[in-house]
Amino acid sequence: MGEQALAAIILAAGQGTRMKSDLHKVLHPVAGLPMLHHLLESLSAAGAARQVVVVGARREQVEASVAGRSVQTAHQAEQLGTAHAALQAKDALADFDGVAIVCFGDTPFLRPDTISRLTDRLSAPDAPRVAVLGFVPDDAKAYGRIIADEQGSIAKMVEFKDASETERAVKLCNSGVTAVRTADLWPLLERVGNDNAAGEYYLPDIVMLALADGDRAVVVETDPDELIGINSRAELAEAEAIWQARRRAQAMADGASLIAPDTVWFAHDTVVGRDVVIEPNVVFGPGVTIADNVVIHAFSHLEGATIASGCSVGPFARLRPGAEMQEGAKVGNFVEMKKAVLGPGAKASHLTYLGDATVGANANIGAGTITCNYDGYFKYQTVIGENAFIGSNSALIAPVKIGRDAIVAAGSAVSRDVADGELRMVRAEQLVKPGWADRFHDAMRRKKREGK
Ligand code: UD1
Ligand code: CA
């Protein structure tokens, strides 16, 4: 973090027409979090205490999305270009004096250390007036180009549309991320014109103006994966792939085993402990925390779930929001949990639904147990005591309590509370007719032979 105060200006006023979406481009999620928020998180981590999001097209969507964060918004009524957009933040930052970093809402993977590297560059002995973040992607597409020398001293910034063949052949591209002191930024932005191929006010033109003033402008290079710009659904999928690859590598570096890493999908906030094994084809929605020594078997889907150490999940388990597994608990195949706590050592090994339920320590929930938590209008609680044994194919009709050490016989439909230590059997009395089937078969076979 530099010694100067840092403010961020995030441009997000553009239409994003290439997404072909009713949702604003910067709100499309990567790993379950709107891309704009990925960027805001990184900026906060880099110490950008002030953040101004420039909104325009579909501003109500963007404003609603950032409402819970400490960010300001500025309005760009007409999308006249990136320099014009950045200038709209001037009023919001009128009381701010320090370094501003301008970034684009559709370039969300900027890392905090890269932000610091770029902003610190302004304080280097050669005192550049503008520092631009550049990258060399595999495919330079229609990115703006940076013409610079070996030392990173910029000679020219040129948009693809305006570039000559020779300039287009240059591999160093403009990410758009630009650091300038606010004292320099506003006057530079005010001088930018729109005499170019797009008829727009280009942010990179502030570099040209600084150079014309006899000042230095420099490029700081970083990893292309960090600077992918998302303009289409295909690029969104590419961004997701990049994010996931990085997260999988991180999980493994932190001590988790991923047997087939490419088939595990994390959310932006997944927390994974040490000595966790994640088998193939596991999907994490938001809000999952996994402690140490947990196994997540293949084909499980988890969201809003907390899993304590020593637990085993799946294969084919579904943990929905509010699922909590305490130390050493187990859910097996085709088990679904929602707003339910499975106590320490408790097991639901097969084909079970636990919703709005609390299960005590070491209870055993038999195959096919269902907590009937909903009457079509309201939801009700099921409470199961420690060491209780729920026989297979039982329906626990909530609200209902099953006492500790109680046994519910298989096939029971329990609608009244069961006391501690009780056996509850709720099924029809059995009819026993020895030899009846033999007599039946004999009689029927005889009839058939006689052609009746
Ligand atoms: C821009 C850069 C280009 C760079 C590329 C990197 C300019 C002129 N070009 O091109 O050099 O290689 O990003 O991804 O800066 N926006 C506004 N208001 C506007 C125009 C744009 O808020 O009037 C916002 C957009 O919502 C978007 C960002 O600025 O988040 C970038 O705009 P976009 O049109 O995507 O620029 P590119 O053509 O990608
Ligand atoms: Ca773009």
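Residues numbered from 1 in each chain as written. Chains lettered and ligands numbered in written order. Predicted model: local features only at pLDDT ≥ 70, side-chain atom pairs only at ≥ 80, totals over all residues. Heavy atoms only, no water.

Peer 1: Help me understand the coordination of the calcium ion (ligand 2), please; the structure alone is not making it clear to me.
Peer 2: For the calcium ion (ligand 2), the full set of protein donor atoms is Asp106 (OD) and Asn231 (OD1), and the range of their distances to it is 2.5 to 2.7 Å. With Asp106 in the loop between strand S6 (99-104) and helix H4 (112-121) and Asn231 in the loop between strand S11 (217-221) and helix H8 (233-253), the pair connects residues that are 125 residues apart, well separated along the chain. In terms of burial, Asp106 and Asn231 fall into one category: buried. (Donors = N, O, S within 2.8 Å, 3.2 Å for Na, K, Ca; no water. Helix = DSSP H or I, 4+ residues; strand = E, 2+ residues; numbered from the N terminus. Buried < 20%, exposed > 50% of the residue type's maximum accessible area, 1.4 Å probe, protein only.)

Peer 1: Explain the pattern of salt bridges here, please?
Peer 2: Two side chains that carry opposite charge are able to pair once their charged atoms sit near each other. In the structure shown here, the tally under the stated rule is 21 salt bridges. Salt-bridge contacts for Asp405 lead to Arg404; the nearest nitrogen and oxygen are separated by 3.0 Å. Residue classification places Asp405 among the partly exposed positions, given a relative accessible area of 37%. Residue classification places Arg404 among the partly exposed residues on the basis of a relative accessible area of 43%. With a closest N to O distance of 3.7 Å, Arg404 and Asp420 form a salt bridge. Placement of Arg404 in the loop between strand S31 (400-402) and strand S32 (407-408) and of Asp420 in the loop between strand S33 (413-414) and strand S34 (423-424) is noted, with a sequence separation of 16 residues between them. Among the charged side chains, a network of salt bridges with common partners joins Arg129, Asp184, Arg191, Asp213 and Asp215. (Salt bridge = Lys/Arg side-chain N within 4 Å of Asp/Glu carboxyl O.)

Peer 1: Can you help me understand the domain arrangement of the protein in this one?
Peer 2: How big an interface is tends to be expressed through the accessible area that disappears when the partners come together. Along its sequence, the protein is carved into domain 1 (6-227) and domain 2 (256-424). Put simply, the middle of domain 1 and the middle of domain 2, counted by C-alpha atoms, are 47 Å apart. (Domains from an automatic or database assignment.)

Peer 1: Explanation requested: the site of ligand 1 in the structure shown.
Peer 2: Close to ligand 1 lie 22 residues, the nearest being Gln76, Gly81, Thr82, Glu159 and Asn174. In the environment of ligand 1, an oxygen atom lies 2.7 Å from a nitrogen or oxygen atom belonging to the side chain of Thr82. Taking Gly144, its main chain carries an N or O atom lying 2.8 Å from an oxygen atom of ligand 1. Burial of ligand 1 by the surrounding chains reaches 87%, relative to a free accessible area of 760 Å². Elements with a minimum of two residues in the shell around ligand 1: strand S1 (6-12), helix H3 (82-87) and strand S10 (173-181). (Near = heavy atom within 4 Å. Polar contact = N/O pair within 3.5 Å; in protein donor to acceptor, adjacent residues only side chain to side chain. Areas by Shrake-Rupley, 256 points an atom, 1.4 Å probe, with all protein chains shown as cover.)

Peer 1: Just checking my understanding: could you explain the state of the cysteines for this structure?
Peer 2: Any covalent bond linking the sulfur atoms of two cysteines counts as a disulfide. With the rule as written, the count across this model stands at 0 disulfides. Cys103 carries a free sulfur, and the closest cysteine sulfur to it, the one in Cys173, is 18 Å from it. Note on Cys173: relative accessible area 0%, which makes it buried. (Disulfide = S-S within 2.5 Å.)

Peer 1: Hey, could you run me through H8 in this one?
Peer 2: An α-helix turns once every 3.6 residues. As a result, residues three or four positions apart point the same way. Compared with the 30 Å implied by 1.5 Å per residue over 21 residues, the 30 Å span of H8 between its first and last C-alpha is a close match. Where the residues of H8 are buried, they touch strand S2 (29-30), helix H1 (35-45), strand S12 (256-258), strand S13 (264-265) and strand S14 (271-272). Just downstream of H8, Gly255 is the residue with a positive phi angle, here 105 degrees. (Expected span 1.5 Å × (residues − 1). Contact = heavy atoms within 4.5 Å.)

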